[in-house]
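Residues per chain, in single letters:
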Amino acid sequence: MRHDLAGFWHRCDRRSADLVAHMSAIGSKLRSLEGGKVAFKCPGCNQAHHVTVDGSRGWTFNGDGDKPTFSPSVLVRGTVPITDEEHATIMSGGKVSPVPFVCHSFVTDGRIRFLSDCTHELAGQTVDLPDWIVT
Ligand SMILES: [Zn+2]
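As the structure is a prediction and not an experimental result, all values here were calculated from the model.

### Thoughts on the sheet that holds strand 1 (residues 25-26)
For step 1, the next point in the chain: Strands sit in the order 1-2-3-4 across an open sheet of 4 strands; the sheet is antiparallel. The sheet is open, and its two borders are formed by strand 1 and strand 4 (47-52), each paired with just one other strand.
For step 2, the next point in the chain: Where strand 3 (residues 37-42) and strand 4 come together, 6 bridges link them in antiparallel fashion. Paired with Cys 42 across the strands is Gln 47, a residue of strand 4.

### Focus on unusual backbone geometry
Peptide bonds are trans in most cases, and residues, glycine excluded, mostly fall at negative phi.
For step 1, the next point in the chain: In this structure, the amide linkage connecting Ser 71 to the following residue, Pro 72, adopts the cis form with an omega of -5°.
For step 2, the next point in the chain: Positionally, Pro 72 belongs in the loop between strand 6 (70-71) and strand 7 (74-79).
For step 3, the next point in the chain: The backbone phi angle of Asn 46 is positive, close to 55°, even though this residue is not glycine.
For step 4, the next point in the chain: Here Asn 46 shows up in the loop between strand 3 and strand 4.
For step 5, the next point in the chain: At Asp 109, a residue that is not glycine, the phi angle is positive and equals roughly 55°.
For step 6, the next point in the chain: Its location among the elements puts Asp 109 in the loop between strand 8 (100-108) and strand 9 (111-114).
For step 7, the next point in the chain: A residue is classified by how many C-beta atoms lie within 10 Å of it, and Asp 109, with 12 of them, is exposed.

### Some details on the sheet that holds strand 9
For step 1, the next point in the chain: Spatially, 4 strands are ordered 7-8-9-10 in an open sheet, and the strand pairing comes out antiparallel. Pairing within the sheet leaves two strands with one partner each, and these edge strands are strand 7 and strand 10 (126-128). If you compare each strand with its neighbour and ignore which way they point, the axes differ by 30° on average.
For step 2, the next point in the chain: With 4 bridges joining them, strand 8 and strand 9 adopt antiparallel strand pairing. Its bridge partner being in strand 9, Phe 106 is matched across the sheet by Arg 113.

### Here's the deal with the environment of Ser 71
For step 1, the next point in the chain: If you trace the backbone, Ser 71 turns up in strand 6.
For step 2, the next point in the chain: Residue class for Ser 71 comes out partly exposed when judged on the 14 C-beta atoms lying within 10 Å of it.
For step 3, the next point in the chain: Linking Ser 71 and Val 51, residues 20 residues apart in sequence, is a C-alpha distance of 9.9 Å.

### Quick notes on the nonpolar core
For step 1, the next point in the chain: With 14 residues, the main nonpolar core has Val 38, Phe 40, Val 51, Phe 61 and Val 107 as its most contacted residues.
For step 2, the next point in the chain: Only strand 3, strand 8 and strand 9 provide two or more residues apiece to this core.
For step 3, the next point in the chain: Ranked by the residues each element gives to this core, the list is headed by strand 3, at 3 residues.
For step 4, the next point in the chain: Beyond its immediate stretch of four places on either side in the chain, Phe 61 contacts Val 38, Val 51, Val 53, Pro 68 and Phe 70.

Basis of the calculations
Residues numbered from 1 in each chain as written. Predicted model: local features only at pLDDT ≥ 70, side-chain atom pairs only at ≥ 80, totals over all residues. Pairing = 2+ DSSP bridges. Helix = DSSP H or I, 4+ residues; strand = E, 2+ residues; numbered from the N terminus. Buried ≥ 20, exposed ≤ 12 C-beta atoms within 10 Å, placed from the backbone. Axes fitted to C-alpha atoms, helices over the stretch in contact; angles between N-to-C directions. Core = buried A, V, L, I, M, F, W, Y, C linked by C-beta atoms within 7 Å. Contact = placed C-beta atoms within 7 Å.

Here it is, written out as structure tokens:
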């Protein structure tokens with residue numbers, strides 16, 4: 001039993017180390033995350049998007065963190081975060097209608113092509129995927 005307990009703690013140590021490792025770099029443009037996901041910085045949204053690349057969600061990934069290619073396209077939907085003014089409106093009892101948000105892109109060979117249904121300003125453009133700068 002002692003041995004099992006030691007093994008248990010050992011696994012815990014390994015687990016916490018793995019959690020740190022889960023945010024590890026893949027090349028200059030990607031981070032790997034838990035659950036078979038990788039993340040890239042989206043220059044249209046100024047935030048990270050996640051793609052599940054372990055095969056369970058149908059995406060393929062070329063494994064290149066410097067010139068990544070994901071297939072098929074990455075579609076992110078949500079609502080635009082409310083502004084301070086809108087927050088103040090809600091707090092004073094007013095109503096704010098959420099603004100729908102769409103980011104739809106193809107990541108190919110380290111470049112990201114935004115489709116025209118994106119709601120951000122890079123819709124319809126193709127730009128380099130930014131390097132993931134560690135701060
Ligand atoms: Zn985006």
